[in-house]
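Structural overview for review
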Amino acid sequence: MIWLELCLVYLKIGILGFGGGYAMLSLIQADVVDRYGWISLQEFTDIVAISQMTPGPIGINSATYIGYTAIHNAGYSMPVSILGSCLTTFSVCLPSFLLVLLISYAFAKFRHNKYVESAFLGLRPATVGLIAAAALLLMNEENFIDYKSYLIFAVAFGLTWKFKIHPILMIVLAGVAGLLLY
Amino acid sequence: MYWTLFLAFMKIGMFTIGGGYAMLPLIQREVVDRGWMSKEEFIDIFSVAQSLPGIFAVNISIFVGYRLKKKLGGLVCALGTIMPSFVIILLIALCFTQVKDNVWVEKAFKGLRPAVVALIAVPCLTTARSIKLSYKQLVIPVGAALLIWLVGVSPAWIILAAIVGGLVYGLNKRKEV
């Protein structure tokens, strides 16, 4: 039952998605690509690229896109697939909504709560690992097809790291490089 | 009022590229400069919204909306934040399935896929730097990444383990003091 599974997966991402969009990626990939196979790893990479090029949080962008694509790939028509993206976007936001309502009642207490502060001693370093895993998982032969791919990766990494080039510009440049090299 | 809230957060949703602290000045301008809340109150909300799971921009919009107009306010602000991304991505999704097999699109994507990986690798290093990881603590992210990448452990378990580990360590440390 793809609808229920999509809903549950995105609720889970909404509940466990600590540390921002990039840390969320490995969580999304684990279920959407590896466990359920709704989309291929290549499609997932494309979605990340599109999410980075378009405005809006990466979490919403990818939820909307994956909801549509997963339902579409399952053989449903276009209007039904749009419902899929509504479902995933709604599901990923629902936990936030409930949590904020809950916390608003005890806002002052939550800020300096010893349990919350302690949990973050573990969460903060783990977030770095989650982002690293997202990058490592995408570093496979589907995305790195030949030596040119490694070249593009190295140049993109160097430019972003050293010169803080804007992600949108970087993706456009890499796209142009693809047109020229392949 | 609801309409103004909706529009203000639509603007925030449209211009959140980068997320997190990059958004601080933008949201502050919309929320504090309009006199909806004091700067102190806003900074408090900002830091709590950052420690919640989920999408940060959505969290902060629900927080601000709830403060101003209770549940309906939270809902309106969240919808405002989501709307631009949702519409833009849906349009792209509709078109992309048509052009995906185009030769030129294929070539461009062959080039940009490795760059996407680089764009994820960089924030990994900058985050590590900004939270000032010590060499001893480095075991946690390296271990987490290897478990997910090589062993195939679900990231969900890593997150739960990190929370439990943090709680055990933090609460014990407090007892000692």
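The structure under discussion appears in the preceding block.
What comes next concerns the included structure. (Residues numbered from 1 in each chain as written. Chains lettered and ligands numbered in written order. Predicted model: local features only at pLDDT ≥ 70, side-chain atom pairs only at ≥ 80, totals over all residues. Heavy atoms only, no water.)

Next up on the list: the overall build of chain B. Check the secondary structure of chain B and you find seven helices and zero strands. Against the globule reference of 16 Å for 177 residues, chain B gives a C-alpha radius of gyration of 20 Å, more extended than a compact globule. By principal-axis analysis of the C-alpha atoms, chain B measures approximately 60 × 50 × 25 Å. For chain B, contacts bridging at least 24 residues in sequence account for 46% of all contacts bridging at least 6. Total accessible area on chain B stands at roughly 9,000 Å², and carbon and sulfur atoms take up 67% of it. In chain B, 18 positive and 8 negative side-chain charges are present, and the distance between their average locations comes to 4 Å. (Helix = DSSP H or I, 4+ residues; strand = E, 2+ residues; numbered from the N terminus. Rg over C-alpha atoms; globule rule 2.2 N^0.38 Å. Contact = heavy atoms within 4.5 Å. Areas by Shrake-Rupley, 256 points an atom, 1.4 Å probe, with all protein chains shown as cover. Lys, Arg positive; Asp, Glu negative; His and termini not counted. Charge placed at Lys NZ, Arg CZ, Asp CG, Glu CD.)

Bringing the overall build of chain A into the picture now. Secondary structure assignment for chain A yields nine helices and zero strands. Across chain A, helices and strands are ordered from the amino to the carboxyl terminus as α-α-α-α-α-α-α-α-α. Along the first, second and third principal axes, the C-alpha set of chain A runs to 55 × 45 × 25 Å. Across the 182 residues of chain A, 56% fall into the buried class. Once local pairs closer than 6 in sequence are excluded, the contacts in chain A between residues at least 24 apart make up 59%. Looking at chain A, you have 9 positive and 9 negative side-chain charges, and the mean spots of the two groups are 19 Å apart. (Buried < 20%, exposed > 50% of the residue type's maximum accessible area, 1.4 Å probe, protein only.)

Once that is clear, we can look at helix H4 (residues 58–73) of chain A. Over its 16 residues, H4 of chain A extends 21 Å from the first C-alpha to the last, a length consistent with the 22 Å expected when each residue adds 1.5 Å. H4 of chain A sits mainly inside the fold: 14 of its 16 residues count as buried. (Expected span 1.5 Å × (residues − 1).)

Contacts between the two partners involve 80 residues from chain B, matched on the other side by 93 residues from chain A. Interface of chain B and chain A: buried area, both sides summed, is about 8,200 Å²; carbon and sulfur atoms make up 81% of it. The largest share of the area that chain B buries against chain A comes from Arg-113, Leu-119 and Ile-120 of chain B, three residues that together contribute 8% of it. Remark: the boundary between chain B and chain A carries one salt bridge. (Buried area = accessible area lost by both parts, 1.4 Å probe. Salt bridge = Lys/Arg side-chain N within 4 Å of Asp/Glu carboxyl O.)

Here the focus is the packing of aromatic side chains. Throughout the structure, instances matching the rule amount to 10 aromatic pairs over all chains. Geometrically, the ring pair formed by Phe-144 of chain A and Phe-153 of chain A is edge-to-face, given 5.8 Å between the ring centres and 65 degrees between the ring planes. Taken as a pair, Phe-144 of chain A and Phe-153 of chain A share a single burial class, namely buried. Plain terms: the ring middles of Trp-3 of chain B and Phe-6 of chain B are 5.6 Å apart, the flat faces sit at 10 degrees to each other, and that makes the pair stacked. Within this pair, Trp-3 of chain B and its partner Phe-6 of chain B are both found in helix H1 (residues 2–14), separated by three residues, close to a single helical turn. On the accessibility criterion, Phe-6 of chain B (16% relative accessible area) is buried. Taken together, Phe-144, Tyr-150, Phe-153, Phe-157 and Trp-161 of chain A form an aromatic cluster joined through their ring pairs. Positioned over the ring face of Trp-104 of chain B is Lys-107 of chain B, at 4.9 Å from the centre of the ring. (Phe/Tyr/Trp six-rings, centres within 6.5 Å; stacked < 30°, edge-to-face > 60°. Lys NZ or Arg CZ within 6 Å of the ring centre and 35° of its normal.)

A separate point is the environment of Met-170 of chain A. Relative to the helices and strands, Met-170 of chain A resides in helix H9 (residues 167–181). Along the sequence, Met-170 of chain A and Met-53 of chain A sit 117 residues apart, while their C-alpha atoms lie 9.5 Å from each other. Aside from chain neighbours lying at most four places away, what touches Met-170 of chain A is Ala-156, Leu-159, Thr-160 and Ile-165 of chain A together with Leu-119 of chain B.

Our focus in this paragraph is a nonpolar patch on the surface. The grouping of Tyr-135, Leu-138, Val-142, Leu-146, Leu-147, Trp-149, Leu-150 and Val-151 of chain B at the surface amounts to a nonpolar patch, some 830 Å² of accessible area in total. The residue Leu-147 of chain B is located in helix H6 (residues 139–151) in this model. (Patch = residues over 30% accessible without salt bridge, like charges linked within 9 Å, V, L, I, M, F, W, Y side chains within 5 Å.)

As a further point, take the pattern of salt bridges. Counted according to the given criterion, the structure contains six salt bridges over all chains. Across the pair Arg-113 of chain B and Asp-46 of chain A runs a salt bridge, and its minimum N-O distance is 2.7 Å. One end of the pair, Arg-113 of chain B, is in helix H5 (residues 103–130); the other, Asp-46 of chain A, is in helix H3 (residues 41–53), on a second chain. In this pair, the class of Arg-113 of chain B matches that of Asp-46 of chain A, namely buried. Each of the salt bridges in this network shares a partner with another, and the network as a whole consists of Lys-12, Asp-31 and Arg-35 of chain A.

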